[in-house]
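Here are the chains, one letter per residue:
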Amino acid sequence: MSTATNRQFRLASRPRGAATRENFSFHAEPVAQPAEDGVLVKNLMLSLDPAMRGWMNEGRSYIPPVGIGEVMRAGGVGRVVASRNAAFAVGDVVHGTLGVQDYALVPGDEVKRSGLVKIDLGVGTPGQWLNVLGMPGMTGYFGLLDVGLAQAGDTVVVSGAAGAVGQTVGQLAKIKGCRAIGIAGGPAKCEWVVKELGFDACIDYKAGPGAVREGLKEHAPKGVDVYFDNVGGEILDTVMAKLARKARIVICGAISQYNNANSAPAAGPRNYLSLLVNRARMEGMVVFDYADRYPVAIAEMAGYLKDGRMKSREDIVPGLENFPEALGKLFSGENFGKLVLEVAQD
């Protein structure tokens, strides 16, 4: 390992608008060895998530921003190549916050904070551990069931339905006896959501002005009981106009707003009085709040993968060097499924 090189993307400046390659600096340095209780992980795959754009902004949030000069934060799956920690052996496959780099050196006092845990590739592939069995899947699970309180018979609408969180939300809603309606961009994504994932319907928001409004009128004539929001903006306003009595809105993300030049959402929902009229509520959720319950959710979701009731689609981009452009796919809507960066083949 003494001759191995660790390539890294570090945050060089805070983006105004979309993050580009110019916002990162590329470094190559020798791979260091772990100190006492530390672990060295060779990254295999990294998760590319909309939240990463928010982590680049300075200011108060649910997690400290990535500092200028720091390795860009990212969750990932890797294999332990050196360990001085009794909980991890060389060869173990692990999941945790590993950063956009070839190797992650995790000091002993940061093992817990980084969420480093051993995973079983017999349960799912590395891509699935970053999707249905990873942070997106946990977000969908706890957001739908704990925050959205979805129950059999509910009409559940989810935006970003073909993305990482959305695909889990819709499939889980069906498993729990709900009616699942997706909102996605383009006929190919909508066809996949319905025919492959089993949603009851999917609305193509790119089909023209008024497409979401008309789609909800057709597919949710009695109103929306649970709206799982991943995009914010105009689509959120449109769904709020169709809420059922006692509806629940889960605020997971607002990808349509993340690249505003002022690094903040342009405006809140215009139809917020719909919450009053329909005795509804809107609640934000952060998946890290449920970390102590991940094992229960993972076991349940792994069962659904095994018996075929749930599918997991990943959009894998090869090459660490392609990180900045790969991340941009999230915000242009180019990705089809959970976006993953392949760093190395196992």
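Residues numbered from 1 in each chain as written. Predicted model: local features only at pLDDT ≥ 70, side-chain atom pairs only at ≥ 80, totals over all residues. Heavy atoms only, no water.

Draft legend 1. Quick peek at the side chain of T155. Examined against the element boundaries, T155 turns out to sit in strand β8 (residues 155-159). On the basis of relative accessible area, T155 is assigned to the buried category, the value being 12%. (Helix = DSSP H or I, 4+ residues; strand = E, 2+ residues; numbered from the N terminus. Buried < 20%, exposed > 50% of the residue type's maximum accessible area, 1.4 Å probe, protein only.)

Draft legend 2. Representation of the environment of V226. With respect to the helices and strands, V226 occurs in strand β11 (residues 224-229). Accessibility expressed as a relative area gives 0% for V226, which makes it buried. Residues V226 and D292 lie 66 residues apart in sequence; the distance between their C-alpha atoms is 25 Å.

Draft legend 3. View of the pairing of β8. Burial within β8 is extensive, with five of its five residues counted as buried. Burial of the side chains of β8 extends over both faces: T155, V157 and S159 are buried on one face and V156 and V158 on the other. Relative to strand β9 (residues 179-184), β8 runs parallel, the two being bridged by five bridges. Across the sheet, V158 pairs through a bridge with G182, a residue of β9. In this region the chain leaves β8, passes through helix α4 (residues 164-175) and returns to the parallel neighbour β9; the handedness of that crossover is right-handed. Here three bridges tie β8 to β11, and the two strands are oriented parallel to one another. Opposite V156, over in β11, you have V226 as the bridge partner. (Pairing = 2+ DSSP bridges. Right-handed = clockwise from strand over helix to strand, strands pointing away.)

Draft legend 4. Representation of the pattern of salt bridges within the structure. Enumeration over the complete set of coordinates arrives at 18 salt bridges. The residue E283 makes a salt bridge to R281 at a minimum N-O spacing of 2.8 Å. In this structure E283 comes out as partly exposed when scored by relative accessible area, which is 35%. Looking at R281, the relative accessible area reads 29%, which means it is partly exposed. Linked through salt bridges whose partners overlap, the residues forming this network are R7, D102 and E321. (Salt bridge = Lys/Arg side-chain N within 4 Å of Asp/Glu carboxyl O.)

Draft legend 5. Structural context of the packing of aromatic side chains. Counted under the stated rule, the structure contains eight aromatic pairs. When the centroid spacing of 5.3 Å and the interplanar angle of 85° are considered together, the rings of W192 and F336 count as edge-to-face. Here W192 is found in helix α5 (residues 187-195), whereas its partner F336 is found in the loop between α10 (323-332) and β15 (338-342), with 144 residues between them in sequence. F336 shares its class with W192; the two are buried. Among the aromatic residues, those joined into a cluster by ring pairs are F9, F24, F26 and F323. Between R313 and the ring centre of W192, over which it is positioned, the NZ or CZ distance is 5.3 Å. (Phe/Tyr/Trp six-rings, centres within 6.5 Å; stacked < 30°, edge-to-face > 60°. Lys NZ or Arg CZ within 6 Å of the ring centre and 35° of its normal.)

Draft legend 6. Region of interest: the nonpolar core. Membership of the largest hydrophobic core comes to 48 residues, with the highest contact counts inside it found for M138, F142, L144, V156, L172, V193 and M301. Elements supplying a minimum of two residues to this core: α3 (135-147), β8, α4, β9, α5, β11 and α9 (294-307). Among the elements that make up this core, the one with the highest residue count is α9 (seven residues). Every residue in contact with L144, bar those within four places of it in the chain, is listed here: T139, L149, A150, V156, V169, L172, A173, V226 and F228. (Core = buried A, V, L, I, M, F, W, Y, C linked by side-chain atoms within 4.5 Å. Contact = heavy atoms within 4.5 Å.)

Draft legend 7. Representation of the pairing of β15 within the structure. Taking burial as the measure, the five residues of β15 include five buried ones, the bulk of the element. Bridge analysis of strand β3 (residues 39-47) against β15 gives three bridges, and the strand direction is antiparallel. Paired with L46 across the two strands is L341, which belongs to β15. By the bridge criterion, five bridges tie strand β14 (residues 314-318) to β15 in an arrangement that is parallel. Residue pairing across strands places P318 opposite E342, the latter belonging to β15. Regarding topology, α10 serves as the crossover connection from β14 to the parallel β15, and that connection is right-handed.

Draft legend 8. Region of the structure containing α10. Listed in full, the buried residues belonging to α10 are F323, P324, A326, L327, K329 and L330. One or two steps after α10, the chain reaches G333, where phi turns positive at roughly 80°.

Draft legend 9. Structural detail: the packing of α3 against α4. α4 packs onto α3 with a crossing angle of 45° between their chain directions and a minimal axis gap of 8 Å. When the interaxial angle is binned, α3 and α4 end up oblique. Where α3 crosses over α4, the two elements pack in a sense that is right-handed. Counted together, P136, G137, T139, G140, Y141, L144 and L145 of α3 and A164, V165, T168, V169, L172 and A173 of α4 form the full contact between these two elements. Classifying every residue of the contact of α3 with α4 by side-chain character gives nine nonpolar, four polar and no charged. (Axes fitted to C-alpha atoms, helices over the stretch in contact; angles between N-to-C directions. Parallel < 35°, antiparallel > 145°, perpendicular 65-115°, else oblique. Left-handed = near helix turned anticlockwise from the far one by under 90°. Nonpolar A, V, L, I, M, F, W, Y, C, P; charged D, E, K, R; others polar.)

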